[in-house]
Amino acid sequence: MKTTSRPAAEIPRARTPWRPWLIGWLGLVLVALLNGTLRQLGYQNWIGELAARQVATMVMIVLSAGYIWMLHRRWPIPSTGAALRIGGAWVLLTLLFEFGFGSFVERAPLSTLLADYDVAAGRTWVLVPIWVLVAPAVIRRLQLELSERQGRDRDTGLEASSPDEVGVRK
């Protein structure tokens, strides 16, 4: 049996949708700015700065998960590796923006900017860049599993009209 090999450059590969995901990062910035504004104007005076920052961390993770879910439905990422590369690019852009904006626009000293990452002082913001790194891969995986489950249910004739009836044949 004769086999032919093709140079790696000729092997078709799934393309990573870099452009929409890099542009999509700007939406993440808007989510973060709205989250910060909500924290400062909404609930920080009621619960205190530290608690408000902790709440804002969780709010940011939840809102960004929803945003990334929508992005991935529109521009699916072809592989886990590509999802992690997108997450890495987003973390880099996020940290450059956060420290650049803080240093040059707000004129905050580096010690102030780094304070948000001091877990020993109760600051939880470090979870946000960690989440941003893995979120595209996590959301990709969740959507794939959901799609596979829906396909299996469709193939077997199983439907669920309520959460209690999952897997009930109609």
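This one's a predicted model, so the numbers in the text were calculated from it and none came from an experiment.

J.: Whenever I open this one, the packing of aromatic side chains confuses me. Can you help?
T.: For any two aromatic rings, the description comes down to two numbers: the centre-to-centre distance and the angle of the planes. Under the criterion given, the structure shown has four aromatic pairs. Measuring from ring centre to ring centre gives 5.6 Å for Trp 21 and Trp 90, while their planes differ by 45°; the resulting arrangement is tilted. Placement of the pair is Trp 21 in helix α1 (residues 18–47) and Trp 90 in helix α3 (residues 80–105), with a sequence separation of 69 residues. Judged by relative accessible area, which is 0%, Trp 90 ranks as buried. Ring geometry for Phe 97 versus Phe 101: centroids 5.5 Å apart, planes at 20°, classification stacked. Residue Phe 97 and its partner Phe 101 are both found in helix α3; the two are separated by four residues, about one turn of the helix.

J.: Explain the packing of α1 against helix α2 (residues 49–74) to me, please; I cannot follow it from the model alone.
T.: Describing two packed helices takes the angle between their axes plus the distance from one axis to the other. At a closest axis distance of 9 Å, the pairing of α1 and α2 adopts a crossing angle of 150°. Between α1 and α2, the crossing angle belongs to the class labelled roughly antiparallel. Taken as a pair, α1 and α2 cross one another with a handedness that is right-handed. Each residue belonging to the contact of α1 with α2 can be placed in one class, and the counts come to 16 nonpolar, six polar and three charged.

J.: In this structure, what is going on with unusual backbone geometry? I would like to understand it.
T.: Trans peptide bonds make up the majority, and among non-glycine residues the majority have a negative phi. For Arg 107, which is not glycine, the phi torsion reads 60° and is therefore positive. Tracing the backbone through its elements, the reader meets Arg 107 in the loop between α3 and α4 (110–115).

J.: Explanation requested: the confidence of the model for the protein chain in the structure shown.
T.: Should the pLDDT be low somewhere, the predicted coordinates at that spot are not to be read in detail. Overall, the predicted model of the protein chain reaches an average pLDDT of 87, with 82% of residues at or above 70. When mean pLDDT is compared element by element in the protein chain, α2 scores highest at 97, while strand β2 (residues 168–169) scores lowest at 40. Under a pLDDT of 50 for its full length, residues 5–12 has, in the predicted model, two contacts with residues more than four places off or in other chains. Confidence over residues 162–170 falls short of pLDDT 50; this stretch has 14 contacts with residues more than four positions distant or in other chains.

Rules and cut-offs
Residues numbered from 1 in each chain as written. Predicted model: local features only at pLDDT ≥ 70, side-chain atom pairs only at ≥ 80, totals over all residues. Heavy atoms only, no water. Phe/Tyr/Trp six-rings, centres within 6.5 Å; stacked < 30°, edge-to-face > 60°. Helix = DSSP H or I, 4+ residues; strand = E, 2+ residues; numbered from the N terminus. Buried < 20%, exposed > 50% of the residue type's maximum accessible area, 1.4 Å probe, protein only. Axes fitted to C-alpha atoms, helices over the stretch in contact; angles between N-to-C directions. Parallel < 35°, antiparallel > 145°, perpendicular 65-115°, else oblique. Left-handed = near helix turned anticlockwise from the far one by under 90°. Nonpolar A, V, L, I, M, F, W, Y, C, P; charged D, E, K, R; others polar. pLDDT = per-residue confidence, 0-100. Contact = heavy atoms within 4.5 Å.

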